[in-house]
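Chain by chain, the residues run as shown.
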Amino acid sequence: MSHRYFHFLLTILFIYCAVTHLEAQTMGAGANLLNEDYFGFEKGSDAWTFEKAANWSLSTAQVASGQGSLKFSRQTKEDQAALYSIETEYTIMKVRNAKNGNGSYIVASTYEGTLLRVAYDGGILWKNQLSGFMNHDLWCEDITGDGNDEILVANADGTVYCLNDKGKLMWEFSQNEAPMYAVCVVKKENKSYVVCGGFDKSMYYVSSEGALEKEIKSSNYSVEKPWGSGIIPEKFVHNANFIRRITRADGSHVLAVNGSNNHMQVKGSIYLFEVLADKPFATTKIEAPTVLGDFRVVDPDKDGTQEILLGTSGHQNEAGLVRFDPQSGTMQTYKFEKLGFGYSVVQSEAIPDGNSFRYLVLVGRRIFLLSPDLAPSSAEELLSRYSFNDMWKDTENGKIILASSQSGGSCIHVVDTQNPEWKELYKDLTPPGKIKKILDNTAEARTYLSGFTKPSWQRNTLPVYFMTESFPTALSQNVANDISENYQSPLFLGGKHMPRVENWDRSSMTNEKYRNKRDRRKKYELSQAEVLDLVLPWYQDVPGIAYWGGHGNDPYMFSLETTKKVLDGANGKKTVLIYPELEDHTEDFAWVLNDLIYPLAEHAKEKNGNIFVRTKHAFWQSNIYLPMWSRLMSGEFADVFVPSMEETTDKSMELSVAGRIGIWASGAVSSWGSRSVPDNPSFDRSRQFSHQRLPNHFLRHMVYNISYGAQYINNFAVDQDYMSLLWELIAKGALYVPESHEIVSFSPVHLSMLEPDEHYVNEASNVKWTTFYDQEFEAKNPFVFSRLNGTWPAAPVTTWDFSHYAAGVKDRRQNFLPPYENGLVLITPPQNGANAANKPLSGALKDRLHPLYKDILKEYYTDGRYYYSSDGAQKYGADQYATTIATDIGNSASLLPLTVTGEVAWVAAQTDPTHLRLTIIDGGYLNPNDRKATVHFHTVSPVSVRDVLDNKNFPVVNKATSIDIPCGLFRFLDITLDKQLD
C-alpha cells in the first residue's frame, strides 16, 4: 500500500470517528462545523494532507484506554478574552462581519484583494482571490432569503462581486472599467437591491441575481461644482464616496449617498433617496473639518431612530467626527485637539456603557471614548503603539474588529469592550505575526551589521545627505554622533522648519499671478536682516543646511537677494534650498523660472548650493520636458538641481523613479533625491489610512533609491531609532551607493521623452478631481502613461501602459518598490533623431553608462500619448506599438549580466572588475512578507553569491540561484565573477 493511499485512508477514518463518535454535547457543533468546511482536503506535493481550519485538540487518552472513541475539545481564543489577535499571514485592509445559521464570522479583505472568511477562533475557512485588485468596499447581507449572508465587494477593476457564505462567486456586475467604490443593500416591498457606484458618476440598482435594474446618473441631481482655473471637470456631477442604508422606525429603507468630486478638498453632500427614486428628497451640504473617509449608520441608544456618524480623512490636526441627524438635517461636529503630525481616517461606533452608551472613535493609534452629547470634557483617550487599517463592530456579538496594523501587520484584532481589561490590552498591543517578524528581522540585521567590514575592493562611500533628520532619542543621537565622528558618509545637514518667512516689497514684479501668491501656512513678517539672523547660525557645527526656499504655492517666500545673501554667508558649506510642488506648467511659471529659479541657480553654482526640486505626480517624465525647463535639462546646472519627488496622493512611483534616474543617468543632473513622509502611502485622500508607526516601508524605500544612486534624502522622522539602521548601512558600506556608470541593472531599452502631449501633462497633474471619467474618450485614446488622474484609485493599468509592460506593475497604487524584472527601463532625454539636439551637454547616454551598454542600447520615443519614429515622421498608437517595445525589453534582458524575478525590487552595480553588488528588497511596500527571488545569470558566470551581512552563500545551479528575502528586509549580495566585467 502506498504512503499516499495509507495516509488518505487514515484521514477518512479520522473524520468518520469524529462524526460518528462525538459525545452528545459536541455532536451538533461538530456536524455544523463539518458543514461549514472546517475540514477540507488539499492536495500536497507528496501526499494528501488533512487541514484543520479551526483550532481543535485531539484527546488520545480514551483511545489509549480502549474506550474506542475519539473526543474533541474546541480551543476557543475568544472565550472571555478582552482582546486577542488572529494571525492571517495577510495584510488585512478591511474587516466586516457576516452571518449564517451558525452565527457570525469575520470577512476580511487583504492588500492583494483576496477575500477571507475568518472564524472568531482564528480558523481561516476559505479564501477567494477575486480579481486580484483592491476591494474598495464590502457589504454583507442575506439578499437571497436562504438565511445566510452574501458578501458584496466593490472592486477597483470596476466590478461588484457577489459571493455566498462558502466563498463561491455567485455573480458579478460591471458597466465599465472605472473603479467601483461603494456598495450596500436596500429593500423595497420585500425585494432586495444591491446599490453600487464609483468613479463613472452613476449609481446602479442591481437585482439579487446580478442584473441591472436601474441606473441613476449623478448629473440628474448633483449640486457639486468644481472651481479654479485650468482643466477642471464638468459641473453638477459626483462620484459616490459612500452609499449606505438608513432604516426608519417602521422598517422601511432610505438610501444615503455621500457625493463628492474631489478627494482632497471637497466634503460633498449627503443625498437621501427613497428606494428606486430618481432624485433625492433631501440634500445637505456637509460641514466637516476636511473630506470624509468614514460613513456609519448607527442606532446608539436602540430607540429605533438611526443617525449617521461621519469621520474625516486627512491630517490628524484637522480630525473631526460629525454626527448627522437625517430626520432633521442637523449636524454636530466634534473637533479633536491637535493630535500631532500624521494622517488618519476617523472611524466611530457606539458601544454599551452601563444603561447608556459611548462613542468609540478610532483616530490613528488613538481610541477616544466620548459621551452621547460629544462633550469634549468627556473624552477618554487610549494610546496604542500602532494604527490599524480598518475598524468594524459586529452587531451580533458587540465585538470591535480591528484590521491589521498599518505598519505591515498580518493580524485581525478582536476587542470585547464589555471586558474591563480591554483598555490596558489595547494600549499594550504589539501585534504578533508579520510585525514581530519585521522587528526580529531588523534586530538581526543590526546585529550582523555590527560585525560587518567593508570589502577591501570596495571604494569609499559617496556622500549621502540627510537633509531633514532629527535625533530625539539617546540611541539615534549616539548613532548620528558616531557616524559624524568616524565616517565620511552619510552627512546630516542642519536647518529648521520656518513658519515665518520674509515680508518684502513685490511691487516691481511684472507677473501679477506670482506677485499676489502667498502660502496660507506661513506668516509673512520677517525682514531680510531677520531672515539672515535666523538662518546663518544654523551653519555652525554642521556640514551644511537645508530649508524651504519657496513652494509652488509661493516660490517667493524669500526675495532673490535675501537667498543669495544666505548662500554667501554659508562660507562654502553646503546649502540645499527645497522647493516643493513646482507643478505649474503655464507661461506664468516660465516667467518665475527666468526671474527667480535660473538666476538663483547661477549664484548657487558658485556657492556649493543646490536647488532640491521636490515636485509631484508625473513631473519628471512630463513637465520637465517642456521648453521652460530646457536650461535644467541641458546640464548647465548639473551640480545645482536635484530632482526629487513629493509622492503623496500619487499613484505612479514606478514612473517617477525611472524618470529621475533617467535624467541623472543622462548627465542633465549629477545627483538625484528621494523622500519618505507619513502620507506617502496615501494614494486616495478619501481613505487616508497612512499612519504607519513602524517605518519599515520607509527603510526599504530608501534602501532601494540609495542603492540606485540617490544622494539627497528629505525624510520625515517617525521612529529614528528604527531608521538609524539606514544611516549605519550607508556609513559602513553594506548599502552600496553607485555612480551611474557602475549600475548594470538598467534595461538596454530606454524610452526617450519628446515634448509631452498637452492632454497627458494635464491628466498626469490633475489628481484631486475625481470626476474626469469619460468612457468614450478612454476607448478611443490609449496613452503610453494613463489612468493618472483622481478617477483611478487602485485601478488596473492597461496592458499597453508603460507601467504594465516595462515596470511589471499592475495597478495605480503605492508602487514605491517596482519589480522591473527585465531591468529598469529608463525614461530619458532623446539621444538620437530629430530631438537629439536637446540632450544634455555632458555627452551621449551610452558614454555615461557602464561600458556594457555601449553597443546594446535601443531607444524609443514618446510624448506620453503616442510613440514616434526617430525622425518624428511616423506616429504609432500606444495600444498597438507597446507589444513591440515589450518584446524588445524581454529579449534585451539576456544582454545584461543578470536579472531578478519575484515580488521584489532589485539593483545591481559593479563594485570592482570581478565583483557585483546585488541588492534585493522585499517588494511589498505596505504588505511586507517573506519573499523568494530568483537571480538569472546571463552574460556572467558567478564563482560565488554571498550575503555580505549574514555571510549566507547561495548555490548557483543552471545559471540561476534562489534567494530568500526576510519579511520587511533586503539582502546585499556580493557576486564574485570568474572574470572581469568590462
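These numbers come from a predicted model, not from an experiment.

About the criteria used
- Residues numbered from 1 in each chain as written.
- Predicted model: local features only at pLDDT ≥ 70, side-chain atom pairs only at ≥ 80, totals over all residues.
- Heavy atoms only, no water.
- Helix = DSSP H or I, 4+ residues; strand = E, 2+ residues; numbered from the N terminus.
- Rg over C-alpha atoms; globule rule 2.2 N^0.38 Å.
- Buried < 20%, exposed > 50% of the residue type's maximum accessible area, 1.4 Å probe, protein only.
- Contact = heavy atoms within 4.5 Å.
- Areas by Shrake-Rupley, 256 points an atom, 1.4 Å probe, with all protein chains shown as cover.
- Lys, Arg positive; Asp, Glu negative; His and termini not counted.
- Charge placed at Lys NZ, Arg CZ, Asp CG, Glu CD.
- Pairing = 2+ DSSP bridges.
- Axes fitted to C-alpha atoms, helices over the stretch in contact; angles between N-to-C directions.
- Polar contact = N/O pair within 3.5 Å; in protein donor to acceptor, adjacent residues only side chain to side chain.
- Expected span 1.5 Å × (residues − 1).
- Parallel < 35°, antiparallel > 145°, perpendicular 65-115°, else oblique.
- Left-handed = near helix turned anticlockwise from the far one by under 90°.
- Nonpolar A, V, L, I, M, F, W, Y, C, P; charged D, E, K, R; others polar.
- Salt bridge = Lys/Arg side-chain N within 4 Å of Asp/Glu carboxyl O.
- Phe/Tyr/Trp six-rings, centres within 6.5 Å; stacked < 30°, edge-to-face > 60°.
- Lys NZ or Arg CZ within 6 Å of the ring centre and 35° of its normal.
- Bend = angle between axes of the 7 residues up to and from the residue.
- Core = buried A, V, L, I, M, F, W, Y, C linked by side-chain atoms within 4.5 Å.

(A) Looking closely at the overall build of the protein. Helices and strands together make up the secondary structure of the protein, namely 19 helices and 54 strands. Relative to the globule expectation of 30 Å for 982 residues, the C-alpha radius of gyration of the protein, 30 Å, shows essentially globular dimensions. Along the first, second and third principal axes, the C-alpha atoms of the protein reach 85 × 75 × 60 Å. Looking at the protein as a whole, 61% of its 982 residues qualify as buried. A separation of at least 24 residues holds for 66% of the contacts in the protein among residues at least 6 apart in sequence. Roughly 36200 Å² of accessible area belongs to the protein as shown, and the carbon and sulfur atoms make up 47% of that amount. Computing the positive centroid from 95 side-chain charges and the negative centroid from 117, the protein places the two 2 Å apart.

(B) How the structure looks around the sheet that holds strand β15 (residues 191–198). Spatial ordering of the open sheet is given by β14-β15-β16-β17, a layout of four strands whose pairing is antiparallel. Since the sheet does not close on itself, it has two edges, and those belong to β14 (180–188) and β17 (212–217), each with one partner. The mean angle between the axes of side-by-side strands here comes to 20 degrees, regardless of whether they run parallel or antiparallel. One ladder, built from five bridges, connects strand β16 (residues 202–206) with β17; its direction is antiparallel. What sits directly across from S202, in β17, is K217.

(C) How the structure looks around the side chain of S371. The topology assignment puts S371 in the loop between β28 (366–370) and β29 (380–383). At a separation of 3.5 Å, a polar atom in the side chain of S371 contacts the main-chain amide nitrogen of A375. At 3.0 Å, the side chain of S371 and the side chain of S378 are in polar contact.

(D) Just the sheet that holds strand β7 (residues 103–110), in detail. An order of β6-β7-β8-β9 is seen for the four strands of this open sheet, with the pairing classed as antiparallel. Looking at strand neighbours, the two that pair on one side only are β6 (92–100) and β9 (124–128), the edges of this open sheet. Strand-to-strand twist in this sheet, taken as the mean axis angle between neighbours without regard to direction, amounts to 20 degrees. Pairing of β7 with strand β8 (residues 115–118) involves four bridges; the strand directions are antiparallel. Looking across to β8, one finds that I106 is bridged to V118.

(E) Layout of helix α13 (residues 696–707). The terminal C-alpha atoms of α13 lie 16 Å apart, and with twelve residues this matches the ideal 16 Å at 1.5 Å per residue to within 8%. Positive phi appears at G709, one or two residues downstream of α13, with a value of about 105 degrees.

(F) View of the packing of helix α8 (residues 528–535) against helix α9 (residues 560–569). The geometry of α8 relative to α9 is characterised by a closest axis approach of 10 Å and an angle of 30 degrees between their N-to-C directions. With respect to their mutual orientation, α8 and α9 come out roughly parallel. The handedness of the crossing between α8 and α9 comes out as right-handed. Seen from α8, the contacting residues are Q528, V531, L532 and V535; seen from α9, they are E561, T562, K565 and V566. The residue makeup of the contact of α8 with α9, split by class, is four nonpolar, two polar and two charged.

(G) Quick look at the pattern of salt bridges. Per the stated rule, a full pass over the model turns up 48 salt bridges. A salt bridge links D137 to R244; its shortest N-O distance comes to 3.0 Å. Of this pair, D137 sits in strand β10 (residues 135–141) while R244 sits in strand β18 (residues 239–247), and the two are 107 residues apart along the sequence. Taking the relative accessible area as the measure of exposure, D137 reaches 4% and is therefore buried. R244 sits in the buried class, given a relative accessible area of 9%.

(H) Layout of the packing of aromatic side chains. Under the definition given, this model contains 43 aromatic pairs. On the basis of an interplanar angle of 45 degrees and a centroid distance of 6.1 Å, the ring pair of W504 and Y556 is categorised as tilted. Residue W504 is located in the loop between β35 (500–502) and α7 (512–515), and its partner Y556 is located in the loop between β37 (544–548) and α9; the two are separated by 52 residues in the primary sequence. Relative to Y881, the ring of Y867 has its centre 5.6 Å away and its plane inclined at 50 degrees; by these criteria the two rings are tilted. A residue pair is termed long-range when its members are at least 10 positions apart, and Y867 in strand β46 (residues 866–868) and Y881 in helix α19 (residues 878–892) qualify at 14 residues. The lysine or arginine in question, K810, covers the ring of F133, its NZ or CZ lying 5.0 Å from the ring centre. Its guanidinium or amino end placed over the ring of Y111, R813 lies 3.9 Å from that ring's centre, counting from NZ or CZ.

(I) Summary view of helix α10 (residues 587–604). Between its first and last C-alpha atoms α10 spans 24 Å; for 18 residues at 1.5 Å apiece the expected length is 26 Å, and the two agree. L593 marks where α10 bends most, by close to 45 degrees. Among all positions in α10, only F589, A590, V592, L593, L596, I597, Y598, P599, L600, A601 and A604 are buried. The inward-facing, buried residues of α10 abut α7, α9, β38 (574–580), β39 (609–615), α11 (630–633) and β40 (641–645).

(J) Region of interest: the side chain of K434. Relative to the elements of secondary structure, K434 occurs in helix α5 (residues 434–450). One polar contact links K434 to T91, side chain to side chain, over a distance of 2.9 Å. In this view, K434 contacts E89, Y90, T91, G408, G409, S410, N927, P928, N929 and C967; residues no more than four positions away in its chain are not counted.

(K) Structural detail: the environment of V809. Among the secondary structure elements, V809 is positioned in the loop between α17 (802–805) and β44 (827–828). Overall, the relative accessible area of 4% leaves V809 in the buried class. Leaving out residues up to four positions away in the same chain, V809 has contacts with E654, V797, S803, H804, N815, P818 and P819.

(L) Region of interest: the nonpolar core. Counting residues in hydrophobic clusters, the biggest one holds 180 residues, and the most contacted among them are W629, L726, F802 and I920. Ranked by residues supplied to this core, first place goes to α10 with ten residues. Among the nonpolar cores identified, the runner-up in size contains 31 residues, and V186, I216, L255 and F273 belong to it.

(M) Structural view of the packing of α13 against helix α14 (residues 720–732). For the pair α13 and α14, interaxial distance at closest approach is 9 Å and the crossing angle is 20 degrees. By the angle between their axes, α13 is roughly parallel relative to α14. In the packing of α13 onto α14, the handedness of the crossing is right-handed. Side by side, α13 and α14 meet where N696, F698, L699, M702, V703 and I706 of the first sit next to Y722, M723, L725, L726 and I730 of the second.

(N) Here's a closer look at unusual backbone geometry. Residues S489 and P490 are joined by a peptide bond in cis, for which omega reads 5 degrees. The residue P490 is located in the loop between α6 (474–486) and β34 (491–492) in this model. Although it is not a glycine, E189 sits at a positive phi angle of roughly 55 degrees. Of the residues examined, E189 reaches a relative accessible area of 73% and is grouped as exposed. The phi angle at N608 is positive, at roughly 60 degrees, despite the residue not being glycine. The topology assignment puts N608 in the loop between α10 and β39.

Read these as layout, nothing more, since geometry by itself doesn't imply function.
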